[in-house]
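The chain contents come next:
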Amino acid sequence: MIRFVVVRIFQALPVILAVITATFFLIRMAPGGPFDSEKAVMPEVKAALEAQYKLDRPILDQYFSYLADLGEGDFGPSFKYPGRSVNELIAAGMPVTAELGFYALIFAVIVGGLSGVIASLHPNTWRDHLPMTFAMIGICVPSFLLGPSLMLLFGVHLDWFPVSGWGDIPGDKVLPSITLGAAYAAYVSRLSRAGMLEVLSQDYIRTARAKGLSEWRVITQHALRGGLMPLVAFLGPAFAGLLSGSFVVETIFQVPGLGRFYVQAAFNRDYTMILGTTIFLSTLIVIFNLMSDVLAAWMNPRLRSELFNYD
Amino acid sequence: MTEQEDLEINDIASGSSLSKDAWIRLRKNRPALGGLIILTAFFAIALFTPWIAPYGYEVQDLNLGATGPSQDHWLGTDIFGRDLLTQIMYGGRISLSVGFLATIVALFIGVTWGSIAGFVGGRIDSVMMRLVDILYALPFMIFIILLMVVFGRNMLLLFLAIGAVEWLTMARIMRGQVQNLRQQEFVEAAVAIGLSRSVILVRHIIPNAIGPIIVYTTLTIPSVMLLEAFLSFLGLGIQPPETSWGLLIAYGAETMEEYPWLLLFPGFFLAVTLFSLNFLGDGLRDALDVRGAKD
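Residues numbered from 1 in each chain as written. Chains lettered and ligands numbered in written order. Predicted model: local features only at pLDDT ≥ 70, side-chain atom pairs only at ≥ 80, totals over all residues. Heavy atoms only, no water.

Draft legend 1. The overall build of chain A, seen in detail. Along its length, chain A carries 13 helices and 0 strands. Going from the N terminus to the C terminus, chain A shows its helices and strands as α-α-α-α-α-α-α-α-α-α-α-α-α. Counting all 311 residues of chain A, 43% fall into the buried class. Residue pairs at least 24 apart in sequence account for 72% of intrachain contacts in chain A once pairs closer than 6 positions are excluded. Per element, the accessible surface of chain A, about 15,800 Å² overall, is 65% carbon and sulfur. (Helix = DSSP H or I, 4+ residues; strand = E, 2+ residues; numbered from the N terminus. Buried < 20%, exposed > 50% of the residue type's maximum accessible area, 1.4 Å probe, protein only. Contact = heavy atoms within 4.5 Å. Areas by Shrake-Rupley, 256 points an atom, 1.4 Å probe, with all protein chains shown as cover.)

Draft legend 2. Spotlight on the packing of helix 4 (residues 86-121) of chain A against helix 7 (residues 174-200) of chain A. All names here are of chain A. The geometry of helix 4 relative to helix 7 is characterised by a closest axis approach of 6 Å and an angle of 35° between their N-to-C directions. The element helix 4 and its partner helix 7 pack so that their crossing is right-handed. For the contact of helix 4 with helix 7, the per-class residue count stands at 19 nonpolar, 10 polar and 1 charged. (Axes fitted to C-alpha atoms, helices over the stretch in contact; angles between N-to-C directions. Left-handed = near helix turned anticlockwise from the far one by under 90°. Nonpolar A, V, L, I, M, F, W, Y, C, P; charged D, E, K, R; others polar.)

Draft legend 3. View of the interface of chain B and chain A. Between chain B and chain A, the contact holds 44 residues from the first and 45 residues from the second. Carbon and sulfur atoms supply 77% of the area that chain B and chain A bury against each other, a total of about 3,800 Å² over both sides. At the junction of chain B and chain A, the tally comes to 0 salt bridges. Along the contact surface separating chain B from chain A lie 0 residue pairs in polar contact (both at pLDDT 80 or more). Elements supplying a minimum of two residues to the side of chain B that touches chain A: helix 5 (122-136), helix 6 (140-151), helix 7 (155-182), helix 10 (210-234), helix 11 (245-254) and helix 12 (261-287) of chain B. Of all the elements, helix 12 of chain B adds the most residues to the side of chain B that touches chain A, at 10 residues. Grouping the constituent residues of the side of chain B that touches chain A by class yields 31 nonpolar, 5 polar and 8 charged. (Buried area = accessible area lost by both parts, 1.4 Å probe. Salt bridge = Lys/Arg side-chain N within 4 Å of Asp/Glu carboxyl O. Polar contact = N/O pair within 3.5 Å; in protein donor to acceptor, adjacent residues only side chain to side chain.)

Draft legend 4. Spatial organisation of the pattern of salt bridges. Residue and element names in this part refer to chain A. Per the counting criterion, the structure on display carries 4 salt bridges over all chains. Arg-206 serves as the salt-bridge partner of Asp-203, at 3.3 Å between the closest nitrogen and oxygen. Linking Asp-203 with Arg-206, this pair stays in helix 8 (residues 203-210), spanning 3 residues, or about one helical turn. Look at Arg-206 and you get exposed, because its relative accessible area is 58%. Two residues, Arg-209 and Glu-215, come together in a salt bridge whose shortest N-O distance is 2.8 Å.

Draft legend 5. Summary view of unusual backbone geometry. Residue and element names in this part refer to chain A. Phi is positive for Gln-254, which is not a glycine, with a value near 50°. Residue placement: Gln-254 occurs in the loop between helix 10 (229-253) and helix 11 (258-268). A residue is classified by how much of its surface remains accessible, and Gln-254, at 48% relative accessible area, is partly exposed.

Draft legend 6. Spatial organisation of the layout of surface pockets. Here the second largest pocket defines a volume of roughly 640 Å³. Together, 29 residues line the second largest pocket, and Phe-134, Ile-137, Gly-138, Leu-146 and Ala-182 of chain A are the ones closest to its centre. Among the elements of the structure, helix 4, helix 5 (126-140), helix 6 (143-157) and helix 7 of chain A together with helix 12 of chain B are those that each provide at least two residues to the lining of the second largest pocket. Of the residues contributing to the lining of the second largest pocket, the split by class is 22 nonpolar, 6 polar and 1 charged. (1 Å grid on protein atoms, 1.4 Å probe; cavity = no way out; pocket = protein on both sides within 12 Å on 5 of 7 lines; lining within 4 Å. Points joined across faces, edges and corners; volume = space filled by probe spheres on them.)

Draft legend 7. Broad picture of the packing of helix 7 of chain B against helix 10 of chain B. All names here are of chain B. It is the contact of helix 7 with helix 10, at a shortest axis distance of 10 Å, that shows an interaxial angle of 155°. For the element pair helix 7 / helix 10, the angle class is roughly antiparallel. Where helix 7 crosses over helix 10, the two elements pack in a sense that is right-handed. Contact with helix 7, carried on its side by Leu-158, Ile-162, Glu-166, Thr-169, Met-170, Ile-173, Met-174 and Gln-177, involves Pro-212, Ile-213, Tyr-216, Thr-220, Ser-223, Val-224, Leu-227, Glu-228 and Leu-231 of helix 10 and no other residues of that element. (Parallel < 35°, antiparallel > 145°, perpendicular 65-115°, else oblique.)

Draft legend 8. Quick peek at the confidence of the model for chain A. Residue and element names in this part refer to chain A. Model confidence for chain A is summarised by a mean pLDDT of 78, while 87% of its residues fall at 70 or above. Element-level mean pLDDT values for chain A span from 58 in helix 13 (residues 302-305) up to 85 in helix 4. The low-confidence segment residues 307-311 (pLDDT under 50) makes 15 contacts with residues lying over four places distant or belonging to another chain. (pLDDT = per-residue confidence, 0-100.)

Draft legend 9. Spatial organisation of the environment of Asp-125 of chain B. Residues and elements named next belong to chain B. With respect to the helices, strands and loops of the structure, Asp-125 is situated in helix 5. Taking the relative accessible area as the measure of exposure, Asp-125 reaches 3% and is therefore buried. The sequence separation of Asp-125 and Trp-113 amounts to 12 residues, and the corresponding C-alpha distance is 9.6 Å. Non-local contacts of Asp-125, meaning those with residues more than four positions away in its chain, are made with Ala-117, Gly-118, Arg-175 and Gln-179. Looking at Asp-125, its side chain comes within polar contact range of the side chain of Arg-175, at 2.7 Å.

Draft legend 10. Spatial organisation of helix 1 (residues 2-29) of chain A. For helix 1 of chain A, spanning 28 residues, the distance from its first C-alpha to its last is 41 Å, which sits close to the expected 40 Å at 1.5 Å a residue. Looking only at helix 1 of chain A, the buried set comprises Phe-4, Arg-8, Ala-12, Val-15, Ile-16, Val-19, Ile-20, Thr-23, Phe-24, Leu-26 and Ile-27 of chain A. (Expected span 1.5 Å × (residues − 1).)

Encoded structure:
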């Protein structure tokens, strides 16, 4: 098991290095420097700025100096917000995005899990068809359509929740969290239904029933543990999806999180910010995938041997 | 007489091909058949849009402004007085073509990669599939945004970037298929008569994996269309003067408080298309009896 973890970590390191390298050189290939604004800047000023941000040095030099800075956890200064570092912007945005993602995930697991379990207990009745129809809607209606629609209905017409902001007015966290979580609730619902249906047909469930246990105990003590196993494998990859989903949700609801900063940086051509956030988010996602792999291998020892022999 | 018996008698009488059986099964699946009909209709409309659109693409009437659905404009008009139905028809052309072309790119890379890995096997297979695993772990959404920022927002790049992301699952499925087929007797027979490996792969193995390829292609198109709409919504995909459903939804969201129909109608068309593709994909999977084609 330890060997599995160590090998996986050493497999992840080159991936992160490749991401850093590819992002760095891609950004340098972009047409137009960061200081080519609409206003004409005096050549001396431009040269001074470029010297300040080390852009006058050879590119490999810049690359290694950037790597060295990264090694110390320094993402460098932001090009567009003078005097602020990329670290500060990430530190400001990340807690908000993490909170949003956390609420979305809670919503997804509770709503999706409950509806999926209920559906699996009454297969092919309306209690199965109704949640599964909603799940299909959740998968097919994208967040950028769901978000504005919820805003229109609950924010404007019914006036139950505020339509934008984060933590300013009570209740303004509700709509963004539901919007981000809806698609995941749909997947969780389908996964837990399928998982439960499979477990409920097993012999040990029949044994439990034959012992005369109440249906409630059969389900909560025996079926749920196995039936919800597929969810664990789903949550790792879901994390990456939540992060990119937050780009849209934060833009729609004007939530000051990392996703919104990233989209703004992309529009402003704030190269150090794009570079920094890309590296930060990619590393985070690689780490989460790693953890999800390790968790899956811990629960299912057969997966550990796959490491060395693909089949 | 049940349809099943009917089918069996027909089998004996005239012989039945795999595709004929699949079609009969698909026809009984109402949601899938509905999806197929809707998609065919949307395609036909997209194809003939320049001739059947009620107004020209660039026709606007600034004096009219945004109006709700009426006799002259079935789905209303936007703030420039442009007919929304016309905009949706032209936007659908782009959304559907991105969906299909990018899927073809993904299909081509995925089938080639997966079938070579599965057919050659051994070390090459391990290395190729390990690479797929590594790519799976990367946050591609971020990379597509990065590519669009660096190289400018053009459609060709959009096809290639989305296609380059979506091939991974196709490669995995193909590899599994080819590994199974490689051990079948008809492949041994092909080896015995001295066919070259590339001929065996292209003529004998890939055609036998066509079921999973069709099913997975149907299920890739909606995720590609979503990706395009997602990027366009953020302003990083399709650029004006072109339009797409994602872009129309983005404009609609800006003015939804005053003119909700500008959000709801384009959203409706996108959602219906995605529904149809998902139902058709699920139906095809059952009809062609493909397992594990959707992760």
